[in-house]
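Close look at the chain arrangement
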Amino acid sequence: MVEVLLDTDQSYLDAAFILQQKGGKKSQKLRLPIRNGRMSKRLLWFARGRERLQFSPAQTECEFTIRHLTLVRVSLLFALDRMRSRLKCRQLRVPFKLINRWASYDATFRLAGVRVSYRDWVRKTEPNFWPNSLPSPGVINFLLLMPIDKYDSLENIAHVIYSVLAQDCGDWKLFLLPSENIKKNIFSSLKGYANSDSRIKLIDRYTYIAENNCLFFSRTYQLLCPPHALLSKKTLNCLQYVLQNKPYAKVIYADEDLLNEAGRRCLPDFKPAWNPDLFFSRNYIGEFVLFAPGLFKFPEIYDAFFKEAWDFSLFLNVLRKLKDPQREIIHVPRVLFHRKKTVADRKYLQKSQHILEEYFNDVGCGNVEVKAMKSNKVLKVRWPLKKEEPLVSLLIPTRDMLSILRQCIESILCRTIYRNYEILVLDNQSVDPRTLKYLSALKRYPNVRVLKYDAPFNYSAINNFGVQHVRGDIIGLINNDIEVISPDWLNEMVSHALRPDIGCVGAKLYYGDGRIQHAGVVVGLGRLAGHAHKFYHRNEEGYMNRLMCTQNFSAVTAACLVVRKSIYESVGGLDEEHFEVAFNDVDFCLKVKEAGYRNLWTPWAEMYHHESISRGIDNTPEKRARFDREAMSLKTRWSTDEGKDPYYSPFLTHTREDFSLGLNERTKAPLWR
């Protein structure tokens, strides 16, 4: 057992112990994440004996002092029990064999955490999330629309048709919609399927009209079902059950996974509930969507099928017609479709850009710019600023810590291209003469003011005090350990904050070594709230490419948060009584969300966040007691232990922050949301 205690100028260090085999070239790196000022422990296994041990406290340049470092031999029974306890508290399987238990234990120290096998999840976890019995088939009729192009293989078409025939629900019809240029042998096979079952019809524009299908089409739910995925056996029965409980639903989409070459399920897409800004960045919903009757006429949907990016185009056409998308678009968090591997369309992203530009023009947002970011495989949507930039008031609470305060303010002044802003430094009882001298010198900047807050530290109260003195209509909450990276960060954040339906706007924050510190907040992680994709590397795409996408989150961190002053005041600002230090930003964002606004995170505003350097960490009994009180207040007020964040799948882990699979976690998964 090794125990390490470090004091460092970084909030986290990625330490490692390297075991070098004597006389050999092989080595093993055993990681140990260390937080500044806290004791860290882990087991080291010298499996062969006579290994050489090297300690590497940090993987990046920093200053540190080793306060405590011990290495103590422990018994095998103690080690087995220690490994079991660590795995159990993370709700992970405890292997019986020593070598397997060690591998699972060691994996818990990796930055990305433990990776659960999707095969295990399908076998052990997925069956528990289905209701014991779904209702017998009722009065809802389904029309499955299968557009067939020249690139679709007969084998894939056959597999999808068989998956439709295997459905528990029998109230369906399948329209096979061949393009004009499909091969003759495929066309003749399609005729055979149509002749073998009265529910299957071979349809084109003219056949459809001749057979008088207009009335049937206008009264049935239409499920888009291109021959790229098999339907789960319960797909139609599940959709019918959801519609019986949500009759107002206009659009329904579900989770999906991939079938590999061996026919095994892998790479699941566990999607969030309706997330409009994520959808504008990339079509996370996909091709398999159920539309309510009356949204389309048959010629309209038939013509769309054989154009590029047809799925993105159809969904945006539906958005134009919905009165309340947040209510009428339903997500079913169940894997209802198993995709076949297909060749990616290289023109899809470029075509999606033109389609989205047309959509914004049609809905009166012609000034919105859309750019295809080919390297990231996403669309970057830039919302317009007003002709006259609104005044933004940036609030920076501080107490001494001159070096980081100077770095923060100078990075804002020197790197920010947005010009109409003011900085309010909220001085909370600084006593260092150098700091006081610097604060006095800031008076030479016409857009910088220093306000004295002479009371004990209370982050919420300090910022509420600052808001009373701002001159701008836009407020920016900025920690004094922030350092600007992207020059247009404020342009990006203000452009979103000005949108009438957007509340709080958060930025992409990094630790000093370039790893992700903040990329949105998921409510329910650790039964409280946690940062999505924490510790991922700067250029990683993240789960479902989400680190590259502007998107909605339930909350964002107040280390760098922009919001309209009117919204801030309407929800009562930060809660000074219940959240003096921790979780005040989560509580504030949830109040803004409850008031009807969408909170948003953008990857296009980048900064370093040298986390908690100025305030320190909660390592005293008083601080721990205060933290526990605030955690209980958050849990009581917002039921964070239920894990119901709409922008996060209930099937992903709630014990870590890495978007990995959850296994054996006691999290309820609604059948719709």
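Structural notes, computed from the coordinates. (Residues numbered from 1 in each chain as written. Predicted model: local features only at pLDDT ≥ 70, side-chain atom pairs only at ≥ 80, totals over all residues. Heavy atoms only, no water.)

Looking at chain direction, strand β19 (residues 421-427) and strand β20 (residues 448-452) are connected through 5 bridges and run parallel. From the neighbouring strand, Asp427 faces β20, where its bridge partner is Lys452. Read as a crossover between parallel neighbours, the route from β19 over helix α15 (residues 433-441) to β20 is right-handed. (Pairing = 2+ DSSP bridges. Helix = DSSP H or I, 4+ residues; strand = E, 2+ residues; numbered from the N terminus. Right-handed = clockwise from strand over helix to strand, strands pointing away.)

Residue position: Thr602 is located in strand β29 (residues 598-609). Assessed through its relative accessible area of 0%, Thr602 is described here as buried. Along the backbone, Thr602 and Leu547 are 55 residues apart, and their C-alpha atoms lie at a distance of 9.0 Å. Excluding its chain neighbours within four sequence positions, the residues that come into contact with Thr602 are Glu492, Met493, His496, Val505, Gly506, Ala507, Lys508 and Thr550. Among the polar contacts listed, one links the side chain of Thr602 to the side chain of Glu492, at a separation of 2.7 Å. (Buried < 20%, exposed > 50% of the residue type's maximum accessible area, 1.4 Å probe, protein only. Contact = heavy atoms within 4.5 Å. Polar contact = N/O pair within 3.5 Å; in protein donor to acceptor, adjacent residues only side chain to side chain.)

What follows concerns unusual backbone geometry. Located in the positive-phi region is Leu267, a residue other than glycine, with phi close to 45°. Mapped onto the elements, Leu267 comes out in strand β13 (residues 265-269). Within the chain, Asp400 stands out as a residue other than glycine whose phi angle is a positive 55°. Turning to its location among the elements, Asp400 is positioned in the loop between β18 (392-398) and α14 (402-415). Taking the relative accessible area as the measure of exposure, Asp400 reaches 14% and is therefore buried.

Let's shift gears to the pairing of strand β15 (residues 329-340). Where a strand is regular, its side chains alternate between the two sheet faces. β15 sits mainly inside the fold: 12 of its 12 residues count as buried. Pairing of strand β11 (residues 229-231) with β15, which is carried by 3 bridges, proceeds in the antiparallel orientation. From the neighbouring strand, Leu231 faces β15, where its bridge partner is Phe337. Pairing of strand β12 (residues 251-259) with β15, which is carried by 9 bridges, proceeds in the parallel orientation. Each residue of the ladder has a partner; that of Leu258, found in β15, is Arg339.

Counting across every chain of the model gives 3 cavities of 30 Å³ or more. If you go around the largest cavity, the residues you meet are Asp277, Phe280, Ser281, Leu379, Lys380, Val381, Trp383, His496 and Thr550. Those elements giving two or more residues to the lining of the largest cavity turn out to be α9 (276-281) and β17 (378-382). Of the residues belonging to the lining of the largest cavity, the class tally is 4 nonpolar, 3 polar and 2 charged. (1 Å grid on protein atoms, 1.4 Å probe; cavity = no way out; pocket = protein on both sides within 12 Å on 5 of 7 lines; lining within 4 Å. Points joined across faces, edges and corners; volume = space filled by probe spheres on them. Nonpolar A, V, L, I, M, F, W, Y, C, P; charged D, E, K, R; others polar.)

Pairing is possible between side chains that carry opposite charge, provided their charged atoms lie close to one another. Inspection of every chain in the model, using the stated rule, returns 33 salt bridges. Ionic pairing is found between Asp488 and Arg382, a salt bridge with its closest N-O pair at 3.0 Å. Residue Asp488 is found in the loop between β22 (482-484) and α17 (489-497), and its partner Arg382 is found in strand β17; the two are separated by 106 residues along the sequence. Judged by its relative accessible area of 22%, Arg382 is partly exposed. The salt bridge involving Arg382 is made with Glu492; its shortest N-O contact spans 3.2 Å. Of this pair, Arg382 sits in strand β17 while Glu492 sits in helix α17, and the two are 110 residues apart along the sequence. What makes Glu492 buried here is its relative accessible area of 0%. Here the residues in one salt-bridge network are Glu256, Asp269, Lys271 and Arg339, joined through shared partners. (Salt bridge = Lys/Arg side-chain N within 4 Å of Asp/Glu carboxyl O.)

Spatially, β4-β1-β6 is the arrangement adopted by the 3 strands of the open sheet, whose pairing is antiparallel. Each edge of the open sheet is held by one strand with a lone partner, namely β4 (40-42) and β6 (64-71). Adjacent strand axes in the sheet meet at a mean angle of 15° when their direction is disregarded. By the bridge criterion, 3 bridges tie strand β1 (residues 2-8) to β4 in an arrangement that is antiparallel. Residue pairing in the sheet places Val2 in a bridge with Arg42 of β4. (Axes fitted to C-alpha atoms, helices over the stretch in contact; angles between N-to-C directions.)

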